[in-house]
Structures are given as structure tokens and as C-alpha cells.
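Chain by chain, the residues:
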Amino acid sequence: VGWAAAYTECGGTELVAQDVWTVAREVDKALQVTHVPPHYGIELSNAFFSLERSGALPGAIEDCALGVAVLALNALPQAELRWGTRKAREYYL
């Protein structure tokens, strides 16, 4: 298994189960053609914030980099809603 495969296995971690990665992939595909219901974005955002707060983000990236990217992109609007534009900008920059 090469290093690239390690970032795309998406087997799940202690904090983010494999089914979250599956949903993230499906949401990513759906975003390319349609509107995704808000509750999916909230769930994915919560998963991202949990990873970030727990320090488990590096391990999640190793497990499923694409899934983490989808989580992060869905978390941006939620970060802005929850903490305001200034805090969201700090969070992501």
C-alpha cells in the first residue's frame, strides 16, 4: 500500500466512523449536481469540529483525506453561523 492509498482508505477512526466518510463522499458527489439538505452539513460540521477539538485531525487525514476536506468545507458556513465571520476566518486561516 503506497502513501496515497493510506489517505483514501477511509476505514474510520475512533472519532469518525466509516459511515461518516461514506456520507461525506455522497455529499461531495451530490454537491456537484444538486442542493444538499442542511442537516447533512450540520452533521459533517460537527464531525469536523470534534476532530479538530480532540486533536485527532491528523489521524483522520491519514485515514481519509478527501473525507476531511469535505468535512472542512461543510464546516465553514457552520463556523460562521456559530462564531461569526471574524472567528470563522481565524479558524480557517
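Everything below is about the structure shown above.
Definitions and limits used
- Once a new chain begins, its residue numbering starts again from 1 and follows that chain's sequence as written.
- Residue-level local features of this predicted model are given only where pLDDT is at least 70; pairs of side-chain atoms are given and counted only at 80 or more, and the full residue set underlies all totals for whole chains, interfaces and linings.
- Neither water nor hydrogens contribute to the side-chain values; these are computed over all heavy atoms in the structure.
- Elements are defined by DSSP. Helices are runs of H or I of four residues or more, strands are runs of E of two residues or more, and each kind is numbered from the N terminus.
- Categorising residues by exposure relies on relative accessible area from a 1.4 Å probe, with only protein chains included: less than 20% of the type maximum marks a residue as buried, more than 50% marks it as exposed, and the intermediate range marks it as partly exposed.
- Throughout, a residue-residue contact means that at least one pair of heavy atoms, one from each residue, lies within 4.5 Å.
- In plain words, nonpolar cores are sets of buried Ala, Val, Leu, Ile, Met, Phe, Trp, Tyr and Cys residues tied together by side-chain atoms within 4.5 Å.

## A closer look at the overall build of the chain
Next, step 1: Regarding its fold elements, the chain presents 4 helices and 0 strands.
Next, step 2: Beginning at the N terminus, the succession of helices and strands in the chain can be written as α-α-α-α.
Next, step 3: Counting over 93 residues, the chain shows a buried share of 29%.
Next, step 4: Taking the contacts inside the chain whose residues are at least 6 apart along the sequence as the reference set, 67% of them involve residues at least 24 apart.

## As for the nonpolar core
Next, step 1: In this structure, Trp-21, Leu-44, Phe-48, Leu-51, Val-68 and Leu-71 are the most contacted members of the largest nonpolar core, which totals 20 residues.
Next, step 2: When contributions to this core are tallied by element, the ones reaching two or more residues are α2 (18-31), α3 (38-54) and α4 (57-92).

## So, the side chain of Ser-45
Next, step 1: Here Ser-45 is to be found in helix α3.
Next, step 2: The buried category is assigned to Ser-45, whose relative accessible area is 0%.
Next, step 3: Excluding residues that lie within four positions of it along the chain, Ser-45 makes contacts with Asn-74, Ala-75 and Gln-78.

## Some details on the environment of Gly-12
Next, step 1: For Gly-12, the position within the fold is in the loop between α1 (3-6) and α2.
Next, step 2: Residue classification places Gly-12 among the partly exposed positions, given a relative accessible area of 27%.
Next, step 3: Between the C-alpha atom of Gly-12 and that of Ala-60, which follows or precedes it by 48 residues, the distance is 7.8 Å.
Next, step 4: Setting aside anything within four residues of it in sequence, one finds Gly-12 in contact with Ala-17, Gln-18, Trp-21 and Asp-63.

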